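Here's the letter readout for the chains.
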Amino acid sequence: MKRQTFFILMACSSFILILSLLLITSRSTDQTSTKDTTEMPEGNAEETEEDIIKISYDGEQFPIAETPDVSESVQQYEEQIEKHAASYEVEDYSNLIMALMMQESQGRGEDPMQASESLCGETGCIDEPSKSIKQGVYYFSEVLKQANDDVKLALQSYNFGNGFIDYVKDNGGAYTKKLAIRYSQKMFTSLKDSGHYTCRTPEEAELNACYGDFNYVGEILKYFE
């Protein structure tokens, strides 16, 4: 009788042990499954974000969401730029706008965004940095919209004016540096007698492309190297 009781107890103990092992294995599998399904979308989101915030130019990738290498004079306006960028729904490009200001003025003067021409058609009508920043960010948001979110086209149009967008749409639809050169040549030919435009570099003179800066996109992106 005692022997039978002993075997019964042993059998029960074995059954309880096996059941416990099965429960542990089941929980471990559930945790692994949950971990896999929650981590995959996070990785995909990071990949998508990388695609959005990098711009390809001349065979290089430029991470425009990173902080650009700009002067302290530009950095002092960072909060104002971010504020207006959020207002005009271009907050993802606030660092790019800082680089744009760096190229335009290095953050100096009363019109650090050089936005007067976009506001009143001539230079000198903005005499306060806060107005310059608001107008500059607004104008960038407008050319970005008109360019259908082609960031390189928007940047070049900030320099050339939004007439460049129509020119590009009539010549393939997407920004290229060749189109920027051709547009500069076209505009310089028609405006050089006005006396407002001169060639600043030997390359511009050789190409007869002295309207604006046909390499403006590259000049902005260099601050993200």
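Residues numbered from 1 in each chain as written. Predicted model: local features only at pLDDT ≥ 70, side-chain atom pairs only at ≥ 80, totals over all residues. Heavy atoms only, no water.

## Thoughts on the pattern of salt bridges
Here the structure, examined in full by the defined rule, presents three salt bridges. Two residues, Lys145 and Glu142, come together in a salt bridge whose shortest N-O distance is 3.4 Å. Highlighted residues: Lys145 and Glu142, both in helix H6 (residues 129–146), separated by three residues, approximately one helical turn. We note a salt bridge from Lys222 to Glu219, for which the minimum N-O separation is 2.7 Å. In this structure Lys222 comes out as partly exposed when scored by relative accessible area, which is 35%. (Salt bridge = Lys/Arg side-chain N within 4 Å of Asp/Glu carboxyl O. Helix = DSSP H or I, 4+ residues; strand = E, 2+ residues; numbered from the N terminus. Buried < 20%, exposed > 50% of the residue type's maximum accessible area, 1.4 Å probe, protein only.)

## Observations regarding the pairing of strand E1 (residues 54–57)
Burial of the side chains of E1 is restricted to one face: Ile55 and Tyr57 are buried, whereas none of Lys54 and Ser56 on the reverse face is. One ladder, built from four bridges, connects E1 with strand E2 (residues 60–63); its direction is antiparallel. Its bridge partner lying in E2, Ile55 is registered against Phe62. In sequence, E1 turns back onto E2 through a hairpin of two residues, with Asp58 there showing a positive phi of about 50 degrees. (Pairing = 2+ DSSP bridges.)

## A short note on the state of the cysteines
Under the criterion given, the structure shown has two disulfides. Through a disulfide, Cys120 is tied to Cys125; the S-S separation comes to 2.0 Å. With the S-S dihedral at roughly -105 degrees, the linkage between Cys120 and Cys125 falls on the left-handed side. Given the relative accessible area of 33%, Cys125 is considered partly exposed. Between the sulfur atoms of Cys199 and its disulfide mate Cys210 the distance is 1.8 Å. (Disulfide = S-S within 2.5 Å.)

## Considering the side chain of Ser132
Tracing the backbone through its elements, the reader meets Ser132 in helix H6. Ser132 gets classed as buried once you look at its relative accessible area, which sits at 0%. A polar contact of 2.5 Å, which involves the side chain of Ser132, links it to the side chain of Asp111. Among the polar contacts made by the side chain of Ser132, one reaches the main-chain amide nitrogen of Met113 at a distance of 2.9 Å. If near-sequence neighbours (up to four positions away) are discounted, Ser132 is found in contact with Glu110, Asp111, Pro112, Met113, Gln114, Ala115 and Ile126. (Polar contact = N/O pair within 3.5 Å; in protein donor to acceptor, adjacent residues only side chain to side chain. Contact = heavy atoms within 4.5 Å.)

## A short note on the side chain of Asn95
Here Asn95 shows up in helix H4 (residues 94–105). For Asn95, a relative accessible area of 11% puts it in the buried group. Polar contacts involving the side chain of Asn95 include one to the main-chain carbonyl oxygen of Ala65, which spans 2.7 Å. If we ignore the near neighbours within four places in the chain, the residues touching Asn95 are Ile64, Ala65, Glu66, Thr67, Pro68 and Phe224.

## Remarks on the nonpolar core
Leu96, Phe140 and Phe164 are the most contacted members of the largest nonpolar core, which has 55 residues in total. For this core, the secondary structure elements donating two or more residues are E1, helix H3 (78–87), H4, H6, helix H7 (151–160), helix H8 (163–169), helix H9 (177–191) and helix H11 (216–221). With seven residues, the top contributor of residues to this core is H4. Setting aside its immediate chain neighbours within four residues, Phe140 contacts Tyr93, Leu96, Ile97, Leu100, Ala154, Leu155 and Tyr158. (Core = buried A, V, L, I, M, F, W, Y, C linked by side-chain atoms within 4.5 Å.)

## Some thoughts on the packing of H4 against H7
Where H4 contacts H7, the two axes come as close as 12 Å, and the packing angle between them is 30 degrees. One way to sum up the angle between H4 and H7 is to call them roughly parallel. Along this stretch, H4 crosses H7, giving a crossing that reads as right-handed. Mapping the contact onto sequence places Leu96, Leu100 and Glu104 in H4 and Val151, Leu155 and Tyr158 in H7. Within the contact of H4 with H7, the residues separate by chemical class into five nonpolar, no polar and one charged. (Axes fitted to C-alpha atoms, helices over the stretch in contact; angles between N-to-C directions. Parallel < 35°, antiparallel > 145°, perpendicular 65-115°, else oblique. Left-handed = near helix turned anticlockwise from the far one by under 90°. Nonpolar A, V, L, I, M, F, W, Y, C, P; charged D, E, K, R; others polar.)

## Some thoughts on the confidence of the model for the chain
When pLDDT is averaged along the chain, the result is 84; 77% of the residues meet or exceed 70. Below a pLDDT of 50 lies the segment residues 5–10, which in the model reaches zero contacts outside its immediate sequence neighbourhood of four places, other chains included. Scored below 50 in pLDDT, residues 28–51 makes zero contacts in the model with residues more than four places away or belonging to other chains. (pLDDT = per-residue confidence, 0-100.)

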